Amino acid sequence: MLLSNLLSGLFFTTAGFAQGKEGTRLNLEATVSGDSKIETVTNQLVEKEIELARLTTLFRRNNVRETKLHKWLTVGFNTAAYATADAGNIVTFINGYKYHTRPQDLNLGTAESGPLLIFLGELLFFTKTCTLSGLDIWHHYQIKSRGFDRKTFESRAAQLETAIHSLLSQRQQLVNASGVNAYAQEQAVLQDISDGLYKEFVYNYGRSKKIQAFHATENIITSYTSATGAWVGGLGIFEAAQHVRPRTAAVGGIGFIFSGLGFIAKDCGSRWMSLRAQKKAKAELLARHGVAAADPVSKLSSDILPLGAVGVTSIQKRQKIYATMHTVLTKDQLLSQTEEREEYHRFLHDQTINTAEGLANIAAGTILVNSGYRFNYSQNPLVQIDHGRKFLRRFATSALVFTPTASAGIIDTPAEAIYGEWRHKKDCKKGACPEVALTDRLTLLDQAESAIKQ
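Bear in mind that the values here come from a model prediction, so they are computed numbers and not experimental data.

## Remarks on the overall build of the protein chain
Then, in step 1: A count of helical and extended segments in the protein chain gives ten helices and zero strands.
Then, in step 2: Ordering the α and β elements of the protein chain from the N terminus gives α-α-α-α-α-α-α-α-α-α.
Then, in step 3: In terms of overall dimensions, the protein chain has C-alpha extents of about 160 × 40 × 30 Å along its principal axes.
Then, in step 4: Looking at the protein chain as a whole, 44% of its 454 residues qualify as buried.
Then, in step 5: Accessible surface for the protein chain amounts to roughly 22,500 Å². Of this, 63% is attributable to carbon and sulfur atoms.
Then, in step 6: Each charge class in the protein chain can be summarised by its mean position, and for the 51 positive and 42 negative side chains these summaries are 4 Å apart.

## Things to note about the pattern of salt bridges
Then, in step 1: Under the criterion given, the structure shown has 27 salt bridges.
Then, in step 2: One salt bridge connects R441 with E200, and the closest N-O pair in it is separated by 2.9 Å. Taken together, the residues span a long stretch of sequence, with R441 in helix α10 (residues 434–453) and E200 in helix α5 (residues 181–242) at a distance of 241 residues. Like E200, R441 is buried.
Then, in step 3: When salt bridges with common partners are traced through the structure, they connect R60, R65, R207, D332, E339, E342 and R423 into a single cluster.

## What to know about α5
Then, in step 1: With 62 residues, α5 should reach 92 Å at 1.5 Å per residue; the first-to-last C-alpha distance of 88 Å fits that figure.
Then, in step 2: At the C-terminal side of α5, V244 shows a positive phi close to 50°.

## Re the side chain of H70
Then, in step 1: Within the secondary structure, H70 sits in helix α2 (residues 68–99).
Then, in step 2: The exposure class of H70 is buried, given its relative accessible area of 4%.
Then, in step 3: Setting aside residues no more than four positions away along its own chain, H70 makes contact with L132, L135, D136 and H215.

## So, empty space enclosed by the protein
Then, in step 1: Scanning the entire structure with this criterion turns up two cavities of 30 Å³ or more.
Then, in step 2: Approximately 110 Å³ is the volume attributed to the largest cavity.
Then, in step 3: Every residue lining the largest cavity is listed: Y82, A85, N89, I118, E122, F125, F263, E357, N361, F402, T405 and A406.
Then, in step 4: If you list the elements that add at least two residues to the lining of the largest cavity, you get α2, α3 (108–145), α8 (313–373) and α9 (381–430).
Then, in step 5: Here the residues of the lining of the largest cavity are counted per class, giving seven nonpolar, three polar and two charged.
Then, in step 6: The computed volume of the second largest cavity comes to approximately 40 Å³.
Then, in step 7: In terms of residues, the lining of the second largest cavity owes the most to one element, α9, which gives four residues.
Then, in step 8: Among the residues forming the lining of the second largest cavity, the class breakdown is six nonpolar, two polar and no charged.

## Focus: the packing of α5 against helix α7 (residues 296–304)
Then, in step 1: Relative to each other, α5 and α7 sit at 160°, their axes nearing to 9 Å. The angle between α5 and α7 places the two elements in the roughly antiparallel class. Considering how the two elements wind past one another, α5 and α7 form a crossing that is left-handed. Within the contact between the two elements, α5 uses Q185, A188, V189, D192, I193, D195, G196 and K199 and α7 uses P296, K299, L300, D303 and I304.
Then, in step 2: The class makeup of the residues in the contact of α5 with α7 is six nonpolar, two polar and five charged.

About the thresholds
Residues numbered from 1 in each chain as written. Predicted model: local features only at pLDDT ≥ 70, side-chain atom pairs only at ≥ 80, totals over all residues. Heavy atoms only, no water. Helix = DSSP H or I, 4+ residues; strand = E, 2+ residues; numbered from the N terminus. Buried < 20%, exposed > 50% of the residue type's maximum accessible area, 1.4 Å probe, protein only. Areas by Shrake-Rupley, 256 points an atom, 1.4 Å probe, with all protein chains shown as cover. Lys, Arg positive; Asp, Glu negative; His and termini not counted. Charge placed at Lys NZ, Arg CZ, Asp CG, Glu CD. Salt bridge = Lys/Arg side-chain N within 4 Å of Asp/Glu carboxyl O. Expected span 1.5 Å × (residues − 1). Contact = heavy atoms within 4.5 Å. 1 Å grid on protein atoms, 1.4 Å probe; cavity = no way out; pocket = protein on both sides within 12 Å on 5 of 7 lines; lining within 4 Å. Points joined across faces, edges and corners; volume = space filled by probe spheres on them. Nonpolar A, V, L, I, M, F, W, Y, C, P; charged D, E, K, R; others polar. Axes fitted to C-alpha atoms, helices over the stretch in contact; angles between N-to-C directions. Parallel < 35°, antiparallel > 145°, perpendicular 65-115°, else oblique. Left-handed = near helix turned anticlockwise from the far one by under 90°.

From the geometry alone we can't say anything about function, so treat these as descriptive.
Have a look at this one:
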């Protein structure tokens, strides 16, 4: 009996031990299985975030502020136009002051030469406007054909955002079930990267709209400015000289006054419309996809640090990838800040120069209006000669008023372009120019993608 009880107790003890061991094994397998799922979802999540960052980088690379062709065509046309118009101004005021005491000696060919050059200079401005407008349209369709227009970009980025949010939610549930604090800390880092990429997506979408609105507004105002300057102002004074109709010069003066208003309005109008369009585009995007986080990049830099001490090998390995993503996001911010600063400086420069030129146009146009409308035809030859003297003197004065700004334009236009190239190279050395910064971003994203697949 005693032996039977001992054998029975031993059996139940052994069975209990075996059952406990099996339970421990099952719990361990469940933990390992849960960790494996978290690792899988994490890797998928990081790959999607890298894909979104690459998409934004390529979108920005294709949506540039100004192409090289656009820039140097502007420089070439403007320099040629200023030089031609300035030559016309110089010839006009020299002839006017030379012959104003004896207008009867001024022959038709000499009288026409100066106004003709002014008209040709204004025509070059008009030709530039038409050429650049066509170039902007062509560039827009090029971007669209490559799939980097705003509509396509929003659609592709929104799909990636949806996938990222789904994976974040799935991972959060797995982390909650595991109860592992290290994974929870990593979740915060992944959320920061997602928020940073979303904010970057919104900014670059709005930036593209800003660029398009700026060029569109600039083209409209410049078309008005060059058209009134060429077909009303330049043609008006040429017609006055060609047909010996001094009163027609008043029509040319009105054209230059309106052209001057366009010079003054172009830069401030284009900047105001572009910033307004950017703000509206970002607001519409946020309304469709949600509000962006305040400062996810700064939060990311602080959330990454504790990952080095969590003691989980896989997380410590991914910490380097997260640091790379932080650098990627920081590079975009640096590039944007540099671009906005240079845009503002260029706006101040162009607004100052064009305001001076616009005021000169208005002043010269006012003198032309005065000289044309104050000329009265008379049957008395002596009175007619006296009126001719006064007209030539005023006409020459209007050309003299034009001369300083046109002369300054000949110097300032290429000088501004050369300075811009120097500043661009300086930014490239810092890694803050688009070519270098965006190429570096793509290289870093390739490295991160390779690391997550290892």
